[in-house]
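Residue strings, one per chain:
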Amino acid sequence: MSWIALHFIGIISYAASGAFVALEAEYSFVGVFALGLTTAFGGGIVRNLIIGVPVSELWDHSIILTVLITLTFIVLLPLKWINHWKRWGLFFDSIGLASFALQGAMSAQEVFSNDLGIMVLASMFTGVGGGMIRDIIAARKPLALKEEIHAILTILCAICIWLGWNTPIQLTLIVLIVIALRMSAIRYQWRLHLPCNHKKGRKTQIRISLGRKFIEKPIYEKSK
């Protein structure tokens, strides 16, 4: 499968993910189009603002048409298809994460001549920016802020582009690696062993003094 085909699958997947989030939130068809367009183009808008490229360059006719056809199709689907999306959505969303992150890194490379820092920022915001905006509009906790794997994979994509991996075969290989790593992280619940990632353990009570009054506040100790 060529890089162009994977990139269009990523665009369709991101648009569809926004649409299905809107359906889960019981939004109208206006909400479906709003969240679908936001997910598909939100990250690219943030990226272009970062690297100083006009936002108008995002408006490619073939991409806009692909997104609109996808959203129109989803609006006409029976609601039971939401369950099918939940089953396969993460797989296709991983394709979108990889293709958007790679596109962000390549866009930054063209403007800043292999500046790794800018490439990482552009890759990260392109890969997860649209999804974060989507989740905020849908009143959900952004998934990209709860799991480190999203940011790590976008950094990996940026480093690969920085190292000169830019042929269609290499880009396709990167997408496949990202899919494998993300699906494995979800399957086996990989997390970085950092203090902020403590697990909830047994519940205890502490007493907090507020003047003459005392209140009991539950806390969770780290599991051993």
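Our subject is the structure listed above.
Cut-offs and rules
Residues numbered from 1 in each chain as written. Predicted model: local features only at pLDDT ≥ 70, side-chain atom pairs only at ≥ 80, totals over all residues. Heavy atoms only, no water. Core = buried A, V, L, I, M, F, W, Y, C linked by side-chain atoms within 4.5 Å. Buried < 20%, exposed > 50% of the residue type's maximum accessible area, 1.4 Å probe, protein only. Helix = DSSP H or I, 4+ residues; strand = E, 2+ residues; numbered from the N terminus. Contact = heavy atoms within 4.5 Å. Patch = residues over 30% accessible without salt bridge, like charges linked within 9 Å, V, L, I, M, F, W, Y side chains within 5 Å. Areas by Shrake-Rupley, 256 points an atom, 1.4 Å probe, with all protein chains shown as cover. Salt bridge = Lys/Arg side-chain N within 4 Å of Asp/Glu carboxyl O.

## Quick look at the nonpolar core
Within the largest apolar cluster, 49 residues are counted, with the highest numbers of intra-cluster contacts made by F20, V67, L102, I174 and V175. Only α1 (3-24), α2 (29-51), α3 (61-75), α4 (81-112), α5 (116-137), α7 (148-162) and α8 (168-188) provide two or more residues apiece to this core. The element best represented in this core is α4, accounting for 10 residues. Aside from chain neighbours lying at most four places away, what touches F20 is I74, L77, W81, I82 and W85.

## Let's talk about a nonpolar patch on the surface
Nonpolar side chains collect at one region of the surface, where I155, L156, I159, W162, L163, W165, L173, I177, L181, Y188 and W190 lie side by side and expose about 980 Å² of accessible area between them. Listing elements by their share of the nonpolar patch, those giving two or more residues are α7 and α8. Examined against the element boundaries, L163 turns out to sit in the loop between α7 and α8.

## Some thoughts on the pattern of salt bridges
This model, assessed by the stated rule, comprises 4 salt bridges. Where R140 meets E24, a salt bridge forms, and the shortest distance between an N and an O atom there is 3.8 Å. Of this pair, R140 sits in the loop between α5 and α6 (143-146) while E24 sits in helix α1, and the two are 116 residues apart along the sequence. On the accessibility criterion, E24 (36% relative accessible area) is partly exposed. Between R140 and D135 there is a salt bridge, with the nearest N and O atoms lying 2.9 Å from each other. Residue R140 is classed as partly exposed on the basis of its relative accessible area of 35%. Classification of D135 as buried rests on a relative accessible area of 1%. Residues joined in a network through salt bridges with shared partners are E24, R134, D135 and R140.

Distances and angles like these do not, on their own, reveal function.
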